[in-house]
Amino acid sequence: VQLVESGGGLVQPGGSLILSCAASGFTFSRYGMSWYRQAPGKERELVADISRTGASTNYGDSVKGRFTISRDNAKNTVFLQMTSLKPEDTAVYYCSARRADTIYWGQGTQVTVSS
């Protein structure tokens, strides 16, 4: 099983980034997918999640209206479109796949929002 995040980097406040998470080794369409983030000295928090079909999404309060999660089951990939980025969005962003009691994690990608 692999979850490989990409697309992180340094961006100025107000800027945008799109994160991708490529999945392999399991039946992607059977898993709900999530993005979490963890800033230094803070607990990991849920950013967004999406149902197996993509019909249902959920967002953390701090990113509502700015971030959009989506998935492409044909390409085994989940995306996180981030707009209007703020310095407090700086964190390592992790992709997660879950089904019942099974959870897989990616290695994370760093997002730094700074001028």
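From a predicted model like this one, the values you see are computed outputs, not experimental measurements.

> Explain the overall build of the protein chain here, please?
Looking only at helices and strands, the protein chain features 0 helices and 11 strands. Traced from its N-terminal end to its C-terminal end, the protein chain shows the element sequence β-β-β-β-β-β-β-β-β-β-β. Relative to the compact-globule value of 13 Å for 115 residues, the protein chain shows a C-alpha radius of gyration of 13 Å, a close match. Each principal axis of the C-alpha distribution contributes one length, and for the protein chain these read about 40 × 25 × 25 Å. Across the 115 residues that make up the protein chain, the buried fraction comes to 41%. Of the contacts formed within the protein chain by residues at least 6 apart in sequence, a portion of 53% connects residues at least 24 apart. Taken as a whole, the protein chain presents about 6,100 Å² of accessible surface, with 45% of it coming from carbon and sulfur.

> For this particular structure, what's the right way to read the environment of Ser 96?
Examined against the element boundaries, Ser 96 turns out to sit in strand β9 (residues 91–99). Residue Ser 96 is classed as buried on the basis of its relative accessible area, which comes to 4%. With 62 residues separating them along the chain, Ser 96 and Ser 34 place their C-alpha atoms 5.0 Å apart.

> Please clarify how the state of the cysteines should be interpreted in this entry.
Note: disulfide means a covalent bond formed between the sulfur atoms of two cysteine side chains. Scanning the model with the defined rule gives 1 disulfide in all. Here Cys 21 engages in a disulfide with Cys 95; their sulfurs sit 2.1 Å apart. On the sign convention where negative is left-handed, the bridge of Cys 21 and Cys 95, at about -80° about the S-S bond, is left-handed. Residue Cys 21 is located in strand β3 (residues 17–24), and its partner Cys 95 is located in strand β9; the two are separated by 74 residues in the primary sequence. The exposure class assigned to Cys 95 is buried, which follows from its relative accessible area of 0%.

> Is there a simple way to think about the side chain of Ser 96 in this case?
For Ser 96, the side chain forms a polar contact with the main-chain oxygen of Tyr 104, separated by 3.4 Å. Those residues in contact with Ser 96 that sit more than four places away from it in its chain are Leu 3, Gly 32, Met 33, Ser 34, Tyr 36, Ile 103, Tyr 104 and Trp 105.

> How should I be thinking about the sheet that holds strand β8 (residues 77–82) in this particular structure?
Across a sheet, strands are paired by hydrogen bonds formed along the backbone, either parallel or antiparallel in direction. Across the sheet, which stays open at both edges, the 4 strands sit in the order β1-β3-β8-β7 with antiparallel pairing between neighbours. The outermost strands of the open sheet, each flanked by one partner alone, are β1 (2–6) and β7 (67–72). On average, adjacent strands in this sheet sit at an angle of 15° to one another, irrespective of strand direction. Where β3 lies against β8, 6 bridges are found, and the strand directions are antiparallel. The partner of Ala 22 across the bridge, within β8, is Thr 77.

> Is there a simple way to explain unusual backbone geometry in this structure?
A negative phi angle is the norm for most residues apart from glycine, just as the trans form is the norm for most peptide bonds. The backbone of Ser 84 sits at a positive phi, close to 45°, despite the residue not being glycine. One can find Ser 84 in the loop between β8 and β9. One non-glycine residue, Ala 100, lies in the positive phi region at around 55°. Relative to the elements of secondary structure, Ala 100 occurs in the loop between β9 and β10 (102–105). Judged by relative accessible area, which is 78%, Ala 100 ranks as exposed.

Conventions used here
- Residues numbered from 1 in each chain as written.
- Predicted model: local features only at pLDDT ≥ 70, side-chain atom pairs only at ≥ 80, totals over all residues.
- Heavy atoms only, no water.
- Helix = DSSP H or I, 4+ residues; strand = E, 2+ residues; numbered from the N terminus.
- Rg over C-alpha atoms; globule rule 2.2 N^0.38 Å.
- Buried < 20%, exposed > 50% of the residue type's maximum accessible area, 1.4 Å probe, protein only.
- Contact = heavy atoms within 4.5 Å.
- Areas by Shrake-Rupley, 256 points an atom, 1.4 Å probe, with all protein chains shown as cover.
- Disulfide = S-S within 2.5 Å.
- Polar contact = N/O pair within 3.5 Å; in protein donor to acceptor, adjacent residues only side chain to side chain.
- Pairing = 2+ DSSP bridges.
- Axes fitted to C-alpha atoms, helices over the stretch in contact; angles between N-to-C directions.

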